Amino acid sequence: MRQPFHEGELELQKKYKAYHPPKLVERLLKDHIINELIPFIEQQTTVIISTTDPQGNIWTSMIIGNQNFIKVQSPKQLDIFLDKTKSNTEDIFLKNLKINSNVGLLFIDTVSRTRYRMNASAELINNTITFSITEAYPNCPKYIQQRILTITEENSVIESDQTKGTVLNELQRNWIKNADTFFLGSVNKHGNMDASHRGGPKGFIELLDDDTLKIPDYIGNNLFNTLGNFLQCPKSGLLFIDYENGNALQLSGSTALVLDQENTEDMETTMGTGRFWLFKPEQWIQTKTYYKADWKFISFSPFNP
């Protein structure tokens, strides 16, 4: 079996004595979609996608569509039909796909708290994005807030209003400080992309005086996919969703790890890991009417600290 982890992931796994039996890794990490999860993928109405722009900056986006906007053509290939989506047709990921085909994908069901990650290469032809899968694996249900998504039946074109900048404003700062969920993209030194999720109680993100985000790294699957990527390529793209109003805030910037914090407050904040990571925004895109759908909050994750 090939080595499924790169040097950054292995370094952190060794540091934190995270041993993963080879048979378990082989069972979980695949180079294709397992047959049992094909129905789950095709039933999804939300996909998170991470891409890179011409300057190598990472951006994370959300695609929302009707239940039949995703089709698994084979265990190694799936298609997304853009004419069946309900999200912003001017999103930066569509431009980025023409520059770099490597993407990270996250299929997340916030009702059942199920998520499935994929790394792939993408090709955009007319209104269809074809993804060739290179890696696929499930994630645990931790820290996912339960929300129900209702797609509007209206088929009219979404008229979104985008603004861009480099310095956060007060509205954006409050948005970040009150968030209970965000999505992120990362990349390793080989250019392989990843898309992931982070959640916690409202206010789990600390905003420092220079607008750097300080984010606790809670107990997870100990694969260290994201933090391992940060060791090799210290940059990320974050996506915050305004679930009540259908707006989005996309941030692109640099990252840094803050490990081995042992004081009582930091240990409580991180649920005992003593780990944080920092994110410094360098560019942002804010979109009004990012999608046409309604979210209903049900409950916070029982795993939240």
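Residues numbered from 1 in each chain as written. Predicted model: local features only at pLDDT ≥ 70, side-chain atom pairs only at ≥ 80, totals over all residues. Heavy atoms only, no water.

J.: Any chance you could break down the sheet that holds strand 6 (residues 114–125) for me, citing the residues and the numbers?
T.: The strand order 2-1-5-6-7-4-3 describes an open sheet built from seven strands, whose pairing is antiparallel. Two strands in the sheet have a free side with no partner beyond their single neighbour: strand 2 (58–64) and strand 3 (70–74). On average, adjacent strands in this sheet sit at an angle of 30° to one another, irrespective of strand direction. When strand 1 (residues 46–52) meets strand 5 (residues 102–109), the two strands line up antiparallel, connected through four bridges. Bridge pairing in strand 5 places I49 opposite L105. (Pairing = 2+ DSSP bridges. Helix = DSSP H or I, 4+ residues; strand = E, 2+ residues; numbered from the N terminus. Axes fitted to C-alpha atoms, helices over the stretch in contact; angles between N-to-C directions.)

J.: Go over the side chain of S61 with me, naming the residues and quoting the values.
T.: Relative to the elements of secondary structure, S61 occurs in strand 2. When its relative accessible area of 0% is taken as the criterion, S61 is described as buried. A distance of 3.1 Å separates a polar atom in the side chain of S61 from a polar atom in the side chain of Q250. Excluding residues within four positions of it along the chain, S61 makes contact with V47, I48, I49, D91, I92, F93, L239, Q250 and Y290. (Buried < 20%, exposed > 50% of the residue type's maximum accessible area, 1.4 Å probe, protein only. Polar contact = N/O pair within 3.5 Å; in protein donor to acceptor, adjacent residues only side chain to side chain. Contact = heavy atoms within 4.5 Å.)

J.: So what about the pattern of salt bridges? Which residues, and what values?
T.: This structure, assessed with the given rule, holds eight salt bridges. Here R117 makes a salt bridge to D194, at a shortest N to O gap of 2.5 Å. With R117 in strand 6 and D194 in strand 11 (residues 193–199), the pair connects residues that are 77 residues apart, well separated along the chain. Overall, R117 belongs to the buried group, its relative accessible area being 4%. Three or more residues joined by partner-sharing salt bridges are found here, namely E170, R173 and D211. (Salt bridge = Lys/Arg side-chain N within 4 Å of Asp/Glu carboxyl O.)

J.: So what's going on with helix 1 (residues 7–15)? Which residues, and what values?
T.: By the burial criterion, the buried members of helix 1 are G8, E9, L12 and Q13. With its buried residues spanning 130° around the axis, helix 1 presents them on a single face. Along helix 1, the residues that are exposed and aim more than 90 degrees away from the buried face are E11 and K14. Packing partners of the buried residues in helix 1 comprise helix 6 (225–232) and strand 15 (247–258). Note on helix 1: the residue one or two positions beyond its end, K17, has a positive phi of about 50°. (Arc of directions from axis to C-beta.)

J.: Residues and numbers for the packing of aromatic side chains, please.
T.: Applying the stated rule across the entire model yields 11 aromatic pairs. Here the aromatic rings of Y143 and Y218 are separated by 5.1 Å at their centres, their planes lie at 45°, and the arrangement is tilted. Taken together, the residues Y143 in the loop between strand 7 (128–139) and strand 8 (146–151) and Y218 in the loop between strand 13 (213–216) and helix 6 connect sequence positions 75 residues apart. The same class applies to Y143 and to Y218, which are both buried. Members of the aromatic cluster, connected to one another through ring pairs, are Y143, F182, F204, Y218, F230, F240, W277 and F303. The side chain of R147 reaches across the aromatic face of Y243, ending 4.0 Å from its centre. The ring centre of Y16 lies 4.6 Å from the NZ or CZ of R275, which sits over that ring. (Phe/Tyr/Trp six-rings, centres within 6.5 Å; stacked < 30°, edge-to-face > 60°. Lys NZ or Arg CZ within 6 Å of the ring centre and 35° of its normal.)

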